[in-house]
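# Examining the three-dimensional arrangement
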Amino acid sequence: MKRVAILVSGGGSNMVALARSMEGDHPARPVLVLSNDPAAKGLERAAAMGIPVAAVDHRPFKGDRAAFEAALMEPLLAAEPDVICLAGFMRILTPGFTGRFAGRMLNIHPSLLPKYPGLHTHQRALDAGDTEAGCTVHEVTEVLDDGPILGQARVPVLPGDDADTLAARVLVQEHVLYPAVLRRYVSGDRTPVSL
Ligand code: GAR
């Protein structure tokens, strides 16, 4: 059985989708939900699902990313994960951290990468007049929102959309895409998923 740790910063809806998928004949189980925000709603939701949780508040580190990451590494290594899923984890990670978990860390990003790495993806898609939007799951490398693409899901941009309506439509697909990619990935299959 593969061990999966999930990193969240907020509501954790992708974490819930991933955790719910890991049951029955699924070859993985969630072993830790970890956050940089002790108040993250995702921690509460994970605990309610019986998943071990931990938090390392990034704020006392006052921008010392290396020290924050060293602290974050402790509960993470203790959980002995085979795979780490970033699921709405909103801290930029340094090469020291991403390198430590190269080849076993995934991220979901709310755009059709390589379009719109970084923030405000939905507004940027609308501003560009895109007729479709979506989300991407990729392997994490030291470059932000880069790395081999493991799956993408597409949705139409509809007349009258604003960033919120578009984000909501994409999020529904995130909850389908991420579990589909994870299942393949833990089975050793890196063929991209296309939805
Ligand atoms: C999701 O839309 C995810 O793709 C995005 O944050 C949201 C988290 O929602 N991630 C990023 O923007 C990463 N840069 P959730 O906490 O409900 O899963």
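Our structure is the block above this text.
Attention in this report is confined to the structure presented alongside it. (Residues numbered from 1 in each chain as written. Predicted model: local features only at pLDDT ≥ 70, side-chain atom pairs only at ≥ 80, totals over all residues. Heavy atoms only, no water.)

### Regarding the overall build of the chain
- When its secondary structure is counted, the chain shows six helices and eight strands.
- In sequence order, the chain lays out its α and β elements as β-α-β-α-β-α-β-α-β-α-β-β-α-β.
- In terms of C-alpha radius of gyration, the chain reaches 16 Å, essentially the compact-globule figure of 16 Å for 195 residues.
- Counting only C-alpha atoms, the chain reaches 50 × 45 × 30 Å along its principal axes.
- The long-range share in the chain, meaning contacts at least 24 apart out of those at least 6 apart in sequence, stands at 61%.
- In the structure as shown, the chain presents an accessible area of about 9,100 Å², 55% of it carried by carbon and sulfur atoms.
- Treating the 19 positive side-chain charges of the chain as one cloud and the 22 negative ones as another, the clouds have centres 4 Å apart. (Helix = DSSP H or I, 4+ residues; strand = E, 2+ residues; numbered from the N terminus. Rg over C-alpha atoms; globule rule 2.2 N^0.38 Å. Contact = heavy atoms within 4.5 Å. Areas by Shrake-Rupley, 256 points an atom, 1.4 Å probe, with all protein chains shown as cover. Lys, Arg positive; Asp, Glu negative; His and termini not counted. Charge placed at Lys NZ, Arg CZ, Asp CG, Glu CD.)

### Some details on helix H1 (residues 13-21)
- Among the nine residues that make up H1, seven are buried, leaving the element largely enclosed by the rest of the structure.
- Along H1, the residues classified as buried are Asn14, Met15, Val16, Ala17, Leu18, Ala19 and Ser21.
- Looking at the buried residues of H1, the elements they touch are strand S1 (2-8), strand S2 (28-35), helix H2 (41-48), strand S4 (83-86), strand S5 (105-109) and helix H6 (163-186). (Buried < 20%, exposed > 50% of the residue type's maximum accessible area, 1.4 Å probe, protein only.)

### A closer look at H2
- The set of residues buried in H2 consists of Gly42, Leu43 and Ala46. Looking down the long axis of H2, one finds its buried residues gathered within 100 degrees of arc, a one-sided arrangement. What points out from H2, more than 90 degrees from its buried face, is the exposed set Glu44 and Ala48.
- For H2, the elements touching its buried residues are S1, H1, S2 and strand S3 (53-55). (Arc of directions from axis to C-beta.)

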